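# A closer look at the structure
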Amino acid sequence: MPSFVIAEKCDGCKALDTTACQHICPNDLMVLNTDSMKAYNQEPAMCWECYSCVKICPTQAIEVRGYADFVPLGASVSAMRSSEDILWTIQFRDKSIKPKRFKFPIRRGVAEGQAKAFGHYPTGDDDLKSATLMCEPASLNTEKGPVKMDAVPTM
Amino acid sequence: MADFETVTVETDLLICGGGMAACGAAVEAAYWAKKHGLKITVVDKAAMDRSGAVAMGLSAINQYVDLNSGNNTLQDYLDYVRNDLMGITREDLVASIARHVDSTVHLFEKWGLPIWTDEDGKYVHEGRWQLMINGESYKVIVAEAAKNALAEADGEYFERIFITHPLMNGDKCVGAIGFSTRENKVYVFKAKATMVAMGGAVHVFKPRSTGEGFGRSWYPPFNSGASAFFTIYGGAEMTCQEVRFIPVRFKDAYGPVGAWFLLFKAMAKNAQGGNYMQENAAELDKWEPYSKVKPCPANLRNWLMMLDVMDGKSPIYMHTEDAIKAIVDKAPDAKAGQRQLKELEAEAWEDFLDMTISQAILWAASDVEPEKKPSEIMACDPYFIGSHSGASGAWLSGPEDLQTAETKDEYCWGYPHMTTVSGMFAAGDASGASSHKFSSGSFTEGRIAAKGMVSYVVDNGDGPGLDAAQVDALTAEILKPLSTFDEHKAETTDPDINRNYIRPTQFMYRLQKIMDEYAGGVSSQFKTSDKLLERGMELLSSLKNDADNMAAEDLHELMRAWENVHRMYQADAHMRSILFREETRWPGYYFRADKPSIDNDNWLAFVNCTYDRATGEWNMMRKPVKYISPNV
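Computed from a predicted model, the values in this text were never measured in an experiment.

### Regarding the overall build of chain A
On a plain count of helices and strands, chain A comes out with two helices and seven strands. For chain A, whose C-alpha radius of gyration is 22 Å, the value lies well above the compact-globule estimate of 15 Å for 155 residues. With respect to the principal axes defined by its C-alpha atoms, chain A has extents near 60 × 40 × 30 Å. When burial is assessed residue by residue, chain A has 40% of its 155 residues classed as buried. Contacts in chain A between residues far apart in sequence, at least 24 positions, make up 39% of those at least 6 positions apart.

The following block contains the structure:
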């Protein structure tokens, strides 16, 4: 059972339009049992352990237990994802090994929802038939690099 | 069987997929479509934030050519890719992507992707072409920009629609058909141009896992061959269908080794402590000239390791503890060494947590502290992934301005990155012979192809119409597994066991067993032969017949049924292409025992194929390899 749902914590996302885990699973594994109003993983042997459901669950009801056919019991890796960073906690099977905690940034300088595709650089010839893509050639360069390209390079 | 509603969507530009290539296509198409008053529709089987191979995140951007620094040229990248693929590469396509990819990476940074920088503000390279990132939300950020771009261009986005087939009018692609995995609806998308960006293929071969870990493939299990089927069924010429990819990764959980090899300079050794790259170096003489160029091609590094495995010298260990010790020993004092150890530890764990969390679980469950003990590595199972170090995909028209007098007639017939089918474009894993594009290059190829698509629609105006009879016939075919289940399920007390049908999971197991045993899978140590392939193809043909008798209980299982049909066509193209190429060229990807050496006199050529959906016949052909590099 790679990703599993803790019955006590799952509220079936009753406050949301759709169940969060069902919305996000890239392999269509998470479903809501409409009798119990709890979610479950309908095909654990097709789970990639990508943690998309774990990260999105609003009640932290989903965890992952390593694949039973090759992972010893007793360890855990849990994730708490906010809008700017993610906090990981790793517990070893051997409890004498100190658990590890890591915090990594997940985005920088742009607030959630604000990633605007256009307008960061001018677009050169703006010719549909040329090789110049949106934002080129300006976006090929950085402030740091000494080479300044004023056109899309060819061989 | 429940009634299904048919929803018809008319659009100008249809983008099938939701991963990196599709997001690149959406962004670029939105820019140009807005100027030309065209409508864009994106259709995705998942939800864009976590759709495609980057769903979990990535710890590195593997294609950054860094032209801006002056350290690399386009020529350098071509030299690297050509040699890694043992000479079989479309340099015009590789250059087409490489010349734009830096622009893509700079945009990612503007959208909020944290790329590591050093004290001078320069990007931290993992290797020559790779940048380190904090990539947990890589796909979320890229999807956000793509969705914002679509909104600006009044585009439409449909999620949880599984595309099964292209819609054709004669030789032209006029859209796509599929169904919702959430409600009883068949979707018909009528389009003037269609982009295929639905990923590669996993689970064509049996994975190493036997039970619950079946889904722990290195590439995601939801990459199920949709691109390959779509292009094959549409009659597009396919290329490099024999060029699968087998990565070497940490054993079982398939965690990345790139940071350990490239960034931390770790060594892999056999159980006796021997370095297979050194001890088996004489083997490289057999694979010249490619084997003698640095870096040694990935498939040959695999091969030297596999020789040790076949000799009984495994387990093979990555010596993480020695690598960490070497780095810490170089520190000026003990305190600095401790600080460095802590940094390294965070970097090493983040490498897993960003892209293969299972590996972190496995290390924790095995009490692995990488500074104390080594970890096993092993070759994974074979994958179809045109974006990485494999090359399978559709045969595309290269950009005109990158052709030479010699390549022009062979490689350029129309709009940039269009297949041989009019109106059908491809990018990412869907496009062939342009390896080493990875996430950033796949996004970039989506951009290039999308601009080509807009140009195609502007020039060609209204496409040909759609034949209603074709839609009706495909609708019936697509939904048939549901009616098969309904019709026969009551005959037995266990709906899984029924003489009238086969359920998709068992069908997949049968496909995987054929491929594993006859086409050089894990259990045959990636070895096959003409006779094995011929027998495998015989078994595949009866599987193909049984595909008509697949049964599905619900929409989820209907998706599984079609995923496995898609995989089966990828398998068919793969076996035929291995058989057609009468040599062994990539011994670390597959070894043809009856043709055990490389034959550059006869086979420095592409193996291409087409499929005729009316007759079921395949046409195999050899196409010349022509480089655009002046001195090769």
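### Details of the overall build of chain B
Secondary structure summary: chain B contains 18 helices and 21 strands in total. Computed over C-alpha atoms, the radius of gyration of chain B comes to 24 Å, within 12% of the 26 Å expected from 2.2 N^0.38 for 632 residues, which places it in the range of a compact globule. With the C-alpha coordinates aligned to their principal axes, the bounding extent of chain B is approximately 75 × 60 × 50 Å. For chain B, the residues scored as buried account for 61% of the 632 residues in total. Sequence separation of at least 24 residues holds for 77% of the intrachain contacts in chain B that already meet a minimum separation of 6.

### Thoughts on the interface of chain B and chain A
By convention, interface size is frequently given as the accessible area that disappears when the constituent parts associate. In this assembly, 77 residues from chain B lie in contact with 70 residues from chain A. In terms of residues, the side of chain B that touches chain A owes the most to one element, helix H3 (residues 91-110) of chain B, which gives eight residues. When the residues that make up the side of chain B that touches chain A are grouped by side-chain class, the tally is 37 nonpolar, 22 polar and 18 charged.

### Points about the sheet that holds strand E1 (residues 5-10) of chain B
Residues and elements named next belong to chain B. With mixed pairing, four strands are arranged side by side in an open sheet as E1-E9-E8-E7. One side of each edge strand has no neighbouring strand; the edge strands of this open sheet are E1 and strand E7 (161-169). Taking each pair of neighbouring strands and ignoring which way they run, the sheet shows an average axis angle of 20°.

### So, the domain arrangement of chain B
Residues and elements named next belong to chain B. Taken domain by domain, chain B holds domain 1 (5-114 + 127-206 + 221-244 + 388-460), domain 2 (248-379) and domain 3 (468-613). The gap between the C-alpha centroids of domain 1 and domain 2 is 32 Å. Between domain 1 and domain 2, the contact holds 14 residues from the first and 13 residues from the second. Across the side of domain 1 that touches domain 2, the residue classes tally to four nonpolar, eight polar and two charged.

### Regarding the sheet that holds strand E5 (residues 76-81) of chain A
Taken in spatial order, the three strands make up an open sheet running E5-E6-E7 (chain A), and their pairing is antiparallel. Edge strands, defined here as strands with exactly one partner in the open sheet, are E5 and strand E7 (100-105) of chain A. Averaged over neighbouring strand pairs, the angle between their axes works out to 15° when direction is ignored. Relative to strand E6 (residues 85-91) of chain A, E5(A) runs antiparallel, the two being bridged by six bridges. Note that in E6(A) the partner of A:Ala79 across the bridge is A:Trp88. The strands touched by helix H10 (residues 334-355) of chain B are E6 and E7 of chain A; relative to E7(A), the strand with the most contacts, the crossing angle is about 70°.

### Observations concerning the environment of B:Cys23
Residue and element names in this part refer to chain B. By secondary structure assignment, the location of Cys23 is in helix H1 (residues 20-36). Along the primary structure Cys23 and Arg447 are separated by 424 residues, whereas in three dimensions their C-alpha atoms are 8.4 Å apart. Apart from residues lying up to four places away in sequence, Cys23 is in contact with Val142, Ala143, Ala146, Phe443 and Gly446.

### Some remarks on the confidence of the model for chain A
Of all residues in chain A, 99% attain a pLDDT of 70 or more, and the chain-wide mean is 95. No element of chain A has a lower mean pLDDT than strand E2 (residues 30-33) of chain A, which averages 95, and none a higher one than helix H2 (residues 52-56) of chain A, which averages 98.

### Overview of the nonpolar core
Residue and element names in this part refer to chain B. The biggest cluster of nonpolar side chains holds 253 residues, and the ones touching the most others in it are Leu13, Ile15, Ala26, Ala29 and Met195. Ranked by residue count, the leading element in this core is helix H17 (residues 555-580), at 13 residues. Beyond its immediate sequence surroundings of up to four residues, Ala29 is in contact with Leu13, Ile15, Ile40, Ala450, Met453 and Val454.

### With respect to unusual backbone geometry
The omega torsion across A:Glu136 and A:Pro137 is 0°, close enough to zero to call that bond cis. Among the structural elements, A:Pro137 can be located in the segment after E7. Between B:Lys294 and the following residue, B:Pro295, the backbone shows a cis peptide bond with an omega angle of -10°. By the element assignment, B:Pro295 lies in the loop between helix H7 (276-279) and helix H8 (298-310). Look at A:Cys13: it is not a glycine, yet its phi comes out positive at around 50°. Summarising the element assignment, A:Cys13 is placed in the loop between strand E1 (3-5) and helix H1 (20-24). On the basis of neighbour count, A:Cys13 is assigned to the buried category, with 21 C-beta atoms found within 10 Å.

### Thoughts on the environment of A:Asp126
Residues and elements named next belong to chain A. With respect to the helices, strands and loops of the structure, Asp126 is situated in the segment after E7. Judged by local crowding, Asp126 falls into the exposed class, with 12 C-beta atoms found within 10 Å. Note: C-alpha distance between Asp126 and Lys55 (71 residues apart in sequence) is 41 Å.

### Looking at H3(B)
Residues and elements named next belong to chain B. If you check H3, its first and last C-alpha atoms are 30 Å apart, about what 20 residues at 1.5 Å a residue would give, namely 28 Å. At Val101, H3 shows its strongest bend, of approximately 35°. In terms of residue burial, H3 counts as a mostly covered element, since 19 of its 20 residues are buried. Of the residues trailing H3, Gly112 is marked for its positive phi of about 110°.

### Observations regarding the environment of A:Tyr121
Residue and element names in this part refer to chain A. Among the secondary structure elements, Tyr121 is positioned in the segment after E7. Taking C-alpha positions, Tyr121 is 46 Å from Ala45, a pair spaced 76 residues apart along the chain. Excluding residues that lie within four positions of it along the chain, Tyr121 makes contacts with Cys135, Ala138 and Ser139.

### Looking at helix H15 (residues 504-518) of chain B
Residues and elements named next belong to chain B. Compared with the 21 Å implied by 1.5 Å per residue over 15 residues, the 21 Å span of H15 between its first and last C-alpha is a close match. When we look at burial in H15, the residues that qualify are Pro504, Phe507, Met508, Leu511, Gln512, Ile514, Met515, Asp516 and Tyr518. Those residues of H15 hidden inside the fold are in contact with strand E18 (527-528), helix H16 (530-546) and H17.

Calculation rules
- Throughout, residues of each chain are indexed from 1 in the direction in which the sequence is written.
- Whichever chain is written first becomes A and whichever ligand is written first becomes 1, with later ones labelled in order.
- Side-chain atom pairs in this predicted model are given and counted only at pLDDT of 80 or more, local residue features only at pLDDT of at least 70, and totals for whole chains, interfaces and linings cover all residues.
- Helical segments are the DSSP runs of H or I of at least four residues, strand segments are the runs of E of at least two, and each set is numbered from the N terminus.
- Note that the radius of gyration is over C-alpha atoms, with the globule rule given as 2.2 Å times the number of residues to the power 0.38.
- As a rule, residues whose C-beta atom has 12 or fewer other C-beta atoms within 10 Å are exposed, those with 20 or more are buried, and those in between are partly exposed; C-beta atoms are placed from the backbone.
- By definition, residues are in contact whenever their C-beta atoms, placed on the basis of the backbone, come within 7 Å of each other.
- Polar here means any residue outside two lists: the nonpolar Ala, Val, Leu, Ile, Met, Phe, Trp, Tyr, Cys and Pro, and the charged Asp, Glu, Lys and Arg; Gly therefore counts as polar.
- Only strands that DSSP links by at least two bridges are regarded as paired with each other.
- Inter-axis angles, ranging from 0 to 180 degrees, are taken between N-to-C directions of lines fitted to C-alpha atoms, where helices are fitted over the stretch in contact.
- Residue ranges assigned to the domains are those given by an automatic or database domain assignment.
- Per residue, pLDDT captures the predictor's confidence, and it can take any value from 0 to 100.
- Here, a nonpolar core means buried Ala, Val, Leu, Ile, Met, Phe, Trp, Tyr and Cys residues linked by C-beta atoms lying within 7 Å of one another.
- Helices are assigned an expected span. That span is 1.5 Å times one less than the residue count.
- Note that the bend at a residue is defined as the angle between axes fitted to the seven residues ending at it and the seven residues starting at it.

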